[in-house]
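# Structural features, examined
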Protein chains: 4
Amino acid sequence: MDFSLSPRATDLRDRVRAFVDTEIKPVEASVQAEILRRRESGGDPWTPLPVIKELQAKARAQGLWNLFLPKEHAGRYAADFGTDGGEGLSNLDYAPVAEVMGRSALAPLVFNSNAPDTGNMEVLLRYGSPDQQREWLEPLLDARIRSAFCMTEPDVASSDATNMAATAVVDGDEVVVNGRKWFSTGVGNPECKILVFMGLSDPDADRHARHTMVLVPRDAPGVKVERMLSTMGYFDEPLGHGEVSFTDVRVPAANILLGPGRAYEIAQGRLGPGRVHHCMRTIGLAERSLELACQRALSRTAFGKPIARLGGNLERIADARIAINRSRLLVMHAAWLLDQGMSTQALSAVSEIKVEVPAMALDVIDLAVQLHGGGGMTTDFPLAAAWVGARSLRLADGPDEVHRSVVGRIELGKHR
Amino acid sequence: MDFSLSPRATDLRDRVRAFVDTEIKPVEASVQAEILRRRESGGDPWTPLPVIKELQAKARAQGLWNLFLPKEHAGRYAADFGTDGGEGLSNLDYAPVAEVMGRSALAPLVFNSNAPDTGNMEVLLRYGSPDQQREWLEPLLDARIRSAFCMTEPDVASSDATNMAATAVVDGDEVVVNGRKWFSTGVGNPECKILVFMGLSDPDADRHARHTMVLVPRDAPGVKVERMLSTMGYFDEPLGHGEVSFTDVRVPAANILLGPGRAYEIAQGRLGPGRVHHCMRTIGLAERSLELACQRALSRTAFGKPIARLGGNLERIADARIAINRSRLLVMHAAWLLDQGMSTQALSAVSEIKVEVPAMALDVIDLAVQLHGGGGMTTDFPLAAAWVGARSLRLADGPDEVHRSVVGRIELGKHR
Amino acid sequence: MDFSLSPRATDLRDRVRAFVDTEIKPVEASVQAEILRRRESGGDPWTPLPVIKELQAKARAQGLWNLFLPKEHAGRYAADFGTDGGEGLSNLDYAPVAEVMGRSALAPLVFNSNAPDTGNMEVLLRYGSPDQQREWLEPLLDARIRSAFCMTEPDVASSDATNMAATAVVDGDEVVVNGRKWFSTGVGNPECKILVFMGLSDPDADRHARHTMVLVPRDAPGVKVERMLSTMGYFDEPLGHGEVSFTDVRVPAANILLGPGRAYEIAQGRLGPGRVHHCMRTIGLAERSLELACQRALSRTAFGKPIARLGGNLERIADARIAINRSRLLVMHAAWLLDQGMSTQALSAVSEIKVEVPAMALDVIDLAVQLHGGGGMTTDFPLAAAWVGARSLRLADGPDEVHRSVVGRIELGKHR
Amino acid sequence: MDFSLSPRATDLRDRVRAFVDTEIKPVEASVQAEILRRRESGGDPWTPLPVIKELQAKARAQGLWNLFLPKEHAGRYAADFGTDGGEGLSNLDYAPVAEVMGRSALAPLVFNSNAPDTGNMEVLLRYGSPDQQREWLEPLLDARIRSAFCMTEPDVASSDATNMAATAVVDGDEVVVNGRKWFSTGVGNPECKILVFMGLSDPDADRHARHTMVLVPRDAPGVKVERMLSTMGYFDEPLGHGEVSFTDVRVPAANILLGPGRAYEIAQGRLGPGRVHHCMRTIGLAERSLELACQRALSRTAFGKPIARLGGNLERIADARIAINRSRLLVMHAAWLLDQGMSTQALSAVSEIKVEVPAMALDVIDLAVQLHGGGGMTTDFPLAAAWVGARSLRLADGPDEVHRSVVGRIELGKHR
């Protein structure tokens with residue numbers, strides 16, 4: 001179990017961190033203020049601000065671009081679109097890079113390494129046809145367009161993927177798409193041009209062969225973004241989470257990914273690394289929250305002492321440090337296992353961090369909020385938004401309960 | 001320890017509950033949607049919707065009005081402005097009434113029993129001069145105007161009230177007010193006409209005699225609402241939480257409450273019942289959240305079973321029931337103790353519930369969110385807003401840490 | 001919901017508490033030392049020490065005897081054997097009396113109000129024939145003999161009572177008893193003369209009509225105490241928990257309680273009040289532990305301060321106070337509901353406290369242990385034994401999981 | 001951060017684990033039974049059973065002996081007394097070896113790697129004079145004698161080491177030792193021949209230069225074991241924890257370790273690796289407990305299902321797996337940091353695991369107990385004793401509170 005980073009990963013981590021600190025953090029507050037201003041004045045909060053585009057260009061110029069590209073699949077794309085070093089990183093090497101990206105909510109987009117585009121690009125990389133790659137993957141890698149992933153449905157418990165009721169029916173050389181999806185992250189952004197849609201094709205097939213994944217252009221007739229959803233009051237501009245209806249949408253059968261009935265297979269592959277990325281970034285979120293907590297605890301005074309010295313605050317700071325450290329190691333462990341190749345152990349490890357890390361982060365962020373007093377709930381600090389993000393992660397990409405069930409069943413399996 | 005409700009309280013509770021169910025709940029979603037619509041279109045989200053006014057009139061016509069008026073101070077106001085029964089309720093009798101009001105975020109305003117107006121009205125009732133009562137209390141009891149309470153400051157740890165740095169200096173027959181306050185709840189509403197301001201008058205006086213409470217008209221020159229604050233993304237329209245600057249604001253000395261240097265005394269009296277009311281309402285919030293959780297758990301199916309039957313969900317529902325029941329009893333205990341007269345035991349009891357109840361509610365609501373999946377984070381259910389409300393309560397009116405300290409010191413005091 | 005105590009209950013509570021403080025606590029340490037001495041020297045730790053007999057006589061002389069006798073069934077026994085006041089107490093009135101008994105591990109036996117004798121006496125009171133009552137109940141009420149309850153079995157998950165495999169088969173005018181039981185509390189004591197045995201009679205009957213309860217004299221041929229069990233190192237002398245084998249034990253059919261196949265019915269009735277008693281006593285245990293914790297925290301000094309002032313200790317003391325108070329109210333609530341007559345709500349309430357109270361007590365005692373340092377783990381303080389007692393209660397009379405399931409199903413039932 | 005084990009460590013771990021499984025586990029129950037039998041019959045429970053000696057010989061013959069010897073200090077001792085491989089292991093390499101030893105309470109003694117002898121041997125190795133090493137270290141490495149460590153005192157809060165009041169006063173070429181110590185682990189064993197005593201020499205010296213460590217032969221006049229202490233009912237035979245009085249005990253000044261006033265320095269060095277060893281073994285304890293839990297959960301049936309499938313049991317098993325995995329990584333991290341040389345980061349890491357690991361183990365063991373029902377509390381399974389061992393560890397070698405304070409202060413120190 002060697003968690004040593006390669007020199008390249010160490011260098012990338014340091015450079016990404018410096019970029020976040022010097023380029024991104026200084027604009028965080030003004031970006032939030034501008035979105036709020038647009039929202040309050042009836043303006044458009046969804047079009048990305050020019051500053052995001054500028055930062056993207058600067059990051060790309062420094063080779064800090066598409067760093068998520070996986071070692072085994074990056075191929076020529078790493079050289080063409082990820083300009084630093086010319087090959088993909090292992091999961092372990094990407095871990096600290098993603099962690100430091102997680103320190104700012106804006107950073108993943110700036111480095112073209114944000115969900116759901118990373119997951120969608122990976123799917124296209126691994127399963128896309130050359131035509132699909134040319135049409136959709138390359139502009140995504142260029143950040144010329146954005147994408148969304150349409151899986152969860154409002155009308156069924158989507159934690160059970162076989163519940164999915166929206167349909168993607170092959171009709172000759174077309175696929176007909178019908179149904180309603182929500183939490184389609186990314187559809188708020190007007191640059192979102194392509195939707196990765198997962199639908200029921202053959203209800204009579206084997207449980208894991210019923211669904212098909214298909215590429216649906218955002219502007220195909222019959223596609224309608226019904227509304228943008230807030231999560232605990234946040235709209236997560238400029239990407240946003242949408243509820244999308246599909247009414248007799250027809251796309252060429254060539255838009256099917258991998259083949260009819262193979263959506264489940266893709267989804268499994270798509271969600272593995274995606275979950276690890278989420279957890280990596282969440283470590284960074286927790287780390288930054290603890291930093292803010294410490295700074296506040298040292299700088300504010302009550303009852304004649306810095307609040308760091310009051311009651312159980314010091315102990316809670318210690319618990320936060322312990323929790324972050326152990327969670328980070330667990331994430332590195334999962335990344336390392338994935339690098340060894342998929343296995344039952346790796347499967348368990350991914351579910352382990354999916355349970356552990358968001359819960360850990362929620363505790364740490366909550367402590368930071370509490371130490372900031374009422375201010376911690378406002379937009380003056382990134383803490384409230386951080387909490388909401390971590391809370392969402394207890395539901396997104398499989399709720400805690402499903403992941404606990406995976407871990408528990410694998411554990412019991414050792415004793416059968 | 002007799003927790004029996006009077007027949008009048010039982011009747012009021014049943015009628016308030018019925019009103020909430022039949023009149024308020026049906027409009028919750030459309031009110032939220034309208035505020036959102038106004039906000040997105042650059043409209044004014046702060047002016048209360050006409051439906052609120054209509055509901056207030058209807059509630060008042062049924063005698064469900066100003067029910068918070070305390071037994072010992074209600075006096076003629078209960079008869080003139082609280083039209084049912086003509087006298088104030090004991091704390092114990094008010095507990096279940098407030099609980100059922102807590103079932104809807106809109107309800108307290110509809111029944112003219114919302115914070116901070118209740119607290120401000122109590123202050124005026126107990127400490128106001130006849131002129132102050134005529135000018136401000138009566139229109140508040142009539143809901144013709146609204147009020148705010150300006151205590152917490154952005155620049156100091158306000159958990160220690162003696163930290164407060166904004167000033168209220170007596171200058172002849174005037175008081176000069178300077179400084180900056182935030183979390184001034186209510187100032188968003190254009191009907192807010194009066195601010196109860198707490199400021200430093202005499203830094204050399206005894207620790208608890210330095211501050212003065214003074215009535216500052218909202219439109220006095222030098223008063224400026226700098227911005228409205230969101231808490232975890234929520235603006236809590238139509239009341240809202242504002243940051244307010246006071247620059248050389250001059251008001252007549254007759255606007256002083258009780259007398260110079262007596263703010264601390266008033267604040268203690270003001271916050272006691274207010275904290276109990278918050279906790280009472282929070283019980284109702286938790287109870288409704290558990291109802292939603294159970295309904296969802298029974299109606300959604302995954303892996304071939306209602307989700308109520310999956311994993312630890314049933315156990316968590318049991319824990320929620322246990323937690324609500326024990327918290328409610330603790331709130332009734334505190335209310336009963338307050339009714340016996342202020343005492344060290346009552347002081348502890350108020351701090352006990354202030355720690356216990358929001359934490360309990362957060363757990364219950366979190367469970368409900370989780371059982372609703374992603375939908376639980378959206379405005380489709382009142383859960384996300386409920387969570388934010390309960391979370392704020394761990395900071396408002398004294399953070400957990402301060403209340404734990406009160407309880408702990410009283411406990412140790414028994415052994416000295 | 002009137003939790004007021006009757007004057008008689010208040011008086012009994014005060015007198016029992018004074019008795020515990022002045023008569024029992026002073027001998028606790030020497031009793032433990034003597035049992036340990038006997039054990040280490042190969043002596044008999046099971047025969048109750050003379051001091052217990054003396055204390056029993058003294059308690060009885062003061063009318064503090066058999067106070068557990070239930071209001072509705074005490075009948076002439078309260079007058080004849082419970083010499084104070086001549087009638088049984090309501091559950092609510094017994095609650096504070098049992099609580100103060102719970103302050104010392106020795107106390108319940110001293111007041112002839114210890115499990116499992118109380119439960120067995122209640123069974124005989126409610127379901128015993130006049131002959132059974134004369135032969136077994138009266139000497140138990142006199143504390144001339146002791147009893148055991150033989151239900152749990154080592155070879156099956158006894159949380160599911162229908163799993164029970166030991167047999168009690170009616171054969172003419174005899175019952176033949178076979179099988180193995182454990183956690184038969186009380187069989188260590190040589191004064192234990194009667195075993196209440198629950199066994200399978202008719203495997204083909206309806207699920208809840210298969211088992212029979214029968215009185216088996218301790219000295220019946222074929223009854224053998226195989227060993228005494230320790231729970232976390234404690235043998236709980238002089239009662240003890242035994243593993244008992246029954247080999248073709250024959251007793252008269254007249255020894256059957258209520259009738260063949262009616263064991264389940266009795267068990268339900270037996271365990272309800274027993275569980276409430278356990279919880280009542282556990283409140284007292286927690287209360288005393290918190291007292292010890294506070295005294296220690298004030299009297300020990302480290303790093304220049306009393307440890308009460310170090311880190312989070314004060315906050316934890318506050319949490320313990322909150323937890324005890326809320327749990328006590330929940331126990332009173334359950335007792336009050338039982339006094340209103342059995343109902344679904346009362347059934348839930350008993351399970352609620354069975355989950356809540358031991359968990360609460362474990363937290364409080366653990367805090368007290370921690371504040372006592374290593375000493376808290378030794379016999380120098382009653383804390384370690386208290387912890388073990390509370391831990392056992394998470395398993396005895398139904399494990400947490402079963403009680404949570406009861407509460408959860410009743411909760412969901414409201415929404416069907 | 002390379003957590004890869006050396007081939008030798010991998011081999012040792014596998015062989016130790018096999019030895020534990022095939023040689024030690026089969027005798028666990030009979031050893032416990034024999035100690036209990038001796039205890040109940042007034043026999044001597046303290047003299048190690050012959051089987052322990054036989055197992056020690058067998059382990060030594062296989063080179064599984066003194067494996068705790070640290071890489072940097074083992075020197076010739078590793079070759080002479082630790083017969084496998086001839087050199088000490090790094091902390092990281094020892095971690096998995098110690099973990100598998102932790103699977104049985106008997107194992108550490110069998111491999112001559114038990115506390116406190118390991119700590120005492122390390123002290124002699126690092127700080128002992130050649131004479132001290134010849135007289136005490138070599139027989140300890142041979143397991144011809146045992147030792148105890150006398151630091152904690154009954155009359156002061158020993159979490160603050162500067163509180164220690166027992167004295168070790170240099171008087172010419174002798175040291176005079178007076179005072180009372182407790183939790184002197186190992187003094188029960190009649191083979192215990194040497195006590196490492198820490199006492200106050202110069203109350204006026206600098207805070208960390210007041211105490212001296214001195215070797216006191218067990219049979220020196222004035223040394224008296226007053227009593228053996230139980231921890232939650234366990235005496236931990238054959239080592240045991242004693243309360244020891246020292247009355248004008250005189251030993252040669254040559255028995256001083258390192259020099260007068262240098263005890264603190266030694267204690268810090270002694271406790272670092274000792275704490276890591278405790279944590280390593282505790283991982284093994286938790287791992288074995290989880291195995292037992294899974295086996296029980298699969299083999300017992302209630303309500304028609306294996307209990308693994310009931311309620312939240314599967315989720316709790318998952319949580320246990322997650323908790324063990326993350327704790328193990330944190331322990332490896334601390335071991336790896338120690339191998340890099342002492343640093344603030346390593347100091348924090350040791351305190352982090354000292355807080356994290358026992359708490360984790362308590363949760364896992366508690367789950368295992370609960371799944372075993374009443375049996376889990378008895379000596380039929382190693383769980384109850386395991387729980388007590390882990391609980392003690394929250395106090396031994398510094399209570400949680402002290403370690404949290406270390407971690408917290410280091411964390412805040414980053415922001416000053």
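By convention here, each chain's residues receive numbers from 1 onward along its written sequence. In the order they appear in the text, chains get letters beginning with A and ligands get numbers beginning with 1. Where local features are concerned, this predicted model is filtered to residues with pLDDT of at least 70; where side-chain atom pairs are given and counted, the filter is 80 or more; whole-chain, interface and lining totals use all residues.

## Looking at the overall build of chain A
Helices and strands together make up the secondary structure of chain A, namely twelve helices and nine strands. Dimensions along the principal axes, computed over C-alpha positions, put chain A at roughly 75 × 60 × 45 Å. Burial status across chain A gives 61% buried among its 416 residues. Throughout, a residue-residue contact means that the two C-beta atoms, derived from backbone geometry, are no farther apart than 7 Å. Considering only intrachain contacts with a sequence separation of at least 6, the fraction spanning at least 24 residues in chain A is 72%. Only DSSP runs of H or I reaching four residues or more are called helices, and only runs of E reaching two or more are called strands; each is numbered from the N terminus. Each residue is classed by its C-beta neighbour count within 10 Å, where at least 20 other C-beta atoms makes it buried, 12 or fewer makes it exposed, and intermediate counts make it partly exposed; the C-beta atoms are placed from backbone geometry.

## Describing the interface of chain D and chain C
The interface is formed by 43 residues belonging to chain D together with 43 residues belonging to chain C. At the level of elements, α1 (7-40), β3 (174-185), β8 (301-302), α11 (383-393) and α12 (400-413) of chain D are the ones that each hand at least two residues to the side of chain D that touches chain C. Among the elements that take part in the side of chain D that touches chain C, α11(D) stands out by supplying four residues, more than any other.

## Notes on the domain arrangement of chain A
An automatic or database domain assignment provides the domain bounds reported here. Domain parsing of chain A yields domain 1 (7-146), domain 2 (147-261) and domain 3 (264-413). One C-alpha centre belongs to domain 2 of chain A, the other to domain 3 of chain A, and the line joining them spans 29 Å.

## Remarks on helix α12 (residues 400-413) of chain B
When the terminal C-alpha atoms of α12(B) are compared, their 20 Å separation across 14 residues agrees well with the 20 Å that a helix rising 1.5 Å per residue should span. Of all 14 residues in α12(B), ten are buried, a share of seventy percent or more. Each helix should span, by expectation, one fewer than its residue count multiplied by 1.5 Å.

## So, the relation of the copies chain D and chain C
We place the copies in one frame by least squares, fitting the C-alpha atoms of every residue whose pLDDT is at least 70 in both. Of the two same-sequence chains, chain D is brought onto chain C (RMSD 0.0 Å, axial shift 0.0 Å) by a rotation of 180°. The transformation relating the two chain copies, once decomposed into turn and shift, fits a two-fold axis.

## Here we look at the packing of helix α4 (residues 91-101) of chain D against helix α9 (residues 313-339) of chain D
Residues and elements named next belong to chain D. Helix axes are fitted to C-alpha atoms over the stretch in contact, other axes to C-alpha atoms as well, and angles between N-to-C directions run from 0 to 180 degrees. Contact pair α4 / α9: the axes reach a minimum separation of 8 Å and the direction vectors enclose 145°. Along its contact with α4, which presents Asn 91, Leu 92 and Ala 95, the element α9 presents Val 331, Met 332, Ala 335, Trp 336, Leu 338 and Asp 339. When residues are sorted by character, Ala, Val, Leu, Ile, Met, Phe, Trp, Tyr, Cys and Pro go into the nonpolar class, Asp, Glu, Lys and Arg into the charged class, and all the rest, Gly among them, into the polar class. When grouped by side-chain class, the residues that make up the contact of α4 with α9 number seven nonpolar, one polar and one charged.

## Here we look at the environment of B:Pro116
All names here are of chain B. Here Pro 116 is to be found in the loop between α5 (107-110) and α6 (117-127). A tally of 25 C-beta atoms within 10 Å means that Pro 116 is categorised as buried. For the pair Pro 116 and Thr 185, spaced 69 residues apart in the sequence, the C-alpha separation amounts to 6.7 Å. Not counting residues within four places of it along the chain, the set of residues in contact with Pro 116 comprises Ser 147, Ala 148, Phe 149, Thr 185 and Gly 186.

## Looking at the relation of the copies chain D and chain B
One chain copy maps onto the other through a rotation about an axis and a shift parallel to that axis. With an RMSD of 0.0 Å, the operation that places chain D on chain B is a rotation of 180° combined with a shift of 0.0 Å along the axis. Both copies present the same face, since 100% of the interface residues in chain D are matched by interface residues at the equivalent positions in chain B.

## Thoughts on the environment of D:Ala297
Residue and element names in this part refer to chain D. Along the polypeptide, Ala 297 turns up in helix α8 (residues 263-299). Overall, the presence of 25 C-beta atoms within 10 Å leaves Ala 297 in the buried class. Sequence separation between Ala 297 and His 372 is 75 residues, and the spatial gap between their C-alpha atoms is 8.0 Å.

## Overview of the nonpolar core
Of all hydrophobic cores here, the largest spans 373 residues; its most connected members are A:Val331, B:Val331, C:Val331 and D:Val331. Sequence-distant contacts of D:Val331, that is, excluding residues within four places in its chain, are made with D:Ala95, D:Val276, D:Cys279, D:Met280, D:Ile283, D:Ile353 and D:Val357. For this entry, the nonpolar core is defined as buried Ala, Val, Leu, Ile, Met, Phe, Trp, Tyr and Cys residues connected by C-beta atoms within 7 Å.

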